[in-house]
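One-letter residues, chain by chain:
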Amino acid sequence: MTDTTTEKQWPDNALTIESMDLEAQGVGHRADGKVVFVDGALPFEVVRANVHRKKDNWEKASLLEVLHESSQRVTPGCPHFGLHAGACGGCKMQHLDASAQIAVKQRALEDNLWHLGKVKPETILRPIQGPAWGYRFRARLSVRYVVKKGEVLVGFHERKSRYVADMRQCPILPPHVDAMLMPLRQLIGSMDARETLPQIELACGDHVTALVLRHMEPLSAHDMQALRDFAAKHNVQWWLQSKGPDTVCLMEGALGEPLSYALPEFGITMPFKPTDFTQVNPHINRVLVTRALRLLEVQPTERVIDWFCGLGNFTLPLATLAREVLGIEGSEALVTRSGENYVFNQANRDKPLAPTSFVARNLFEMTPELLRQDGAADKWLVDPPREGAFSLVQALAEMHQQPELRQGWTPPKRIVYVSCNPSTLARDAGVLVNAAGYRISSAGAVNMFPHTAHVESMAVFDLV
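The following refers to the structure shown. Chains are numbered independently. Their residues run from 1 in the order of the written sequence. For this predicted model, a pLDDT threshold of at least 70 governs which residues receive local features, and a threshold of 80 or more governs which side-chain atom pairs are given and counted, while totals over whole chains, interfaces and linings are taken from all residues. Values shown for side chains rest on all heavy atoms present in the structure; no hydrogens or waters enter the calculation.

1. So, the pattern of salt bridges
What makes a salt bridge here is a side-chain nitrogen of Lys or Arg within 4 Å of a carboxyl oxygen of Asp or Glu, nothing more. Tallied over the full model, the rule gives 25 salt bridges. Linking Arg-159 and Asp-39 is a salt bridge whose minimum nitrogen-to-oxygen distance equals 3.2 Å. Placement of the pair is Arg-159 in the loop between strand S8 (151-155) and helix H2 (175-178) and Asp-39 in strand S3 (residues 35-39), with a sequence separation of 120 residues. Residue exposure (1.4 Å probe, protein chains only): buried if accessible area is under 20% of the type maximum, exposed if over 50%, otherwise partly exposed. Judged by its relative accessible area of 21%, Arg-159 is partly exposed. On the accessibility criterion, Asp-39 (8% relative accessible area) is buried. Each helix corresponds to a stretch of at least 4 residues labelled H or I by DSSP, and each strand to a stretch of at least 2 residues labelled E; elements are numbered beginning at the N terminus.

Next comes the structure, spelled out in structure tokens:
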């Protein structure tokens, strides 16, 4: 993109925006070098901004006026997006063209890898992207009955606020869920327990839409009937949560098949419960799994370990390719569920899956001894939460630096690391490259959450 912002004489208080950070704030510098973060500004724009927070090295500001507009600025697709009072905080980038959002996230990934991990990928992978709207198959919607107005709000929180936004539509939700927002408000408003229903959790499968209602007091017969009527009209499945996540249960009398999603390229179907962790964006997840396994280049003679395996999202597809697979996960409940999913798929396939086992282990307290216990594997798939996999890669580095610890164990030839946090990926990449004997062959961004500042990514590490 060509920068033409120097062609005009701008006011003294004008600020040229050079880049965008992971909070989707425009980043500029004053003449004295001080950094200014501007909400709502885009790269290559010249703006006037109102500073509302000052520190010695930086300032935070909100956008007052765009003097020179970026060619990538677009009209937001949702009326609740913006900087105005009451604006929804669910999205931060709707004012930026979708393809430019990808470029920002790719740049953020590369910057993190270099500045935090001191590593540079040999190859930049083409970004993974999909539909920009109607993609969010999982969401936690806050509920609030506003007594003074006699009105119910259902949606995400307002920008930088604990208040629930007055959302009447949400185009990042699947269209059938978007169309349910106003009926949900009416439903809650009609219920006896309307003042003690703090949230509704959404989980969509390929064929079923589940809604988990958090209720802080027992529901009356009237309320239960209202939920049943709503379910019949809108074709949803109600689940009830009276206390913690372990109390979630299907509402009595609720009908319909179990939640599930398919990975058709591998002939895999993944049943899940509405509170289980699944990827928010099923369109991207299918591409993500396919690319991860293609990059891993699994051979029929190889043993593979899937670290942080969850429900088996990568494990079961791996079992269609490898000789043997081990899935390791911190949650006993998820280990049980992934085992059930393996049995379910094994029973419904013409060609059997490879022998696969699942183990529960605290992956944030890994040691060389535990690595040896799990046995050597030709390839690793690592898909950690936001905290990353520091303990795991540190144990691998210890094995590399102290060969006497191996006792016949051999490190994986290739690791594919799927990340939902570029800073922890960069930290772990630094350990793998600078202390564990690997090179970072490739890396690329994954646009799992269009219009938000979330950066998902994938990196490939090869043993030197």
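After that view, the rundown keeps rolling.
2. Points about empty space enclosed by the protein
Once rolled over the atoms, a probe with the size of a water molecule shows which space is left empty. In the cavity and pocket records, a cavity denotes points on a 1 Å grid over the protein atoms alone where a 1.4 Å probe fits but cannot get out, a pocket denotes an open set with protein on both sides within 12 Å along at least 5 of 7 lines, and lining residues are residues with an atom within 4 Å of a point. Grid points are joined across faces, edges and corners, and a volume is the space filled by probe spheres set on the points. Throughout the structure, instances matching the rule amount to two cavities of 30 Å³ or more. Taken as a whole, the largest cavity spans an internal volume of roughly 110 Å³. Lining of the largest cavity is provided by Phe-137, Arg-138, Cys-204, Gly-205, Asp-206, Tyr-261, Phe-272, Thr-278, Gln-279, Pro-282, Asn-285 and Asn-313. Here the term charged refers only to Asp, Glu, Lys and Arg, the term nonpolar to Ala, Val, Leu, Ile, Met, Phe, Trp, Tyr, Cys and Pro, and the term polar to all other amino acids, Gly among them. Along the lines of polarity and charge, the residues of the lining of the largest cavity split into five nonpolar, five polar and two charged. The space that makes up the second largest cavity amounts to roughly 90 Å³. Counted by class, the lining of the second largest cavity contains nine nonpolar, four polar and no charged residues.

3. Considerations on the layout of surface pockets
For the second largest pocket, the calculated volume is near 470 Å³. Taken together, 22 residues make up the lining of the second largest pocket; nearest its centre are Ser-19, Met-20, Pro-43, Val-104 and Arg-107. Per-element tally for the lining of the second largest pocket: the top contributor is helix H1 (residues 98-115), with seven residues. Its residues placed into classes, the lining of the second largest pocket shows 13 nonpolar, five polar and four charged.

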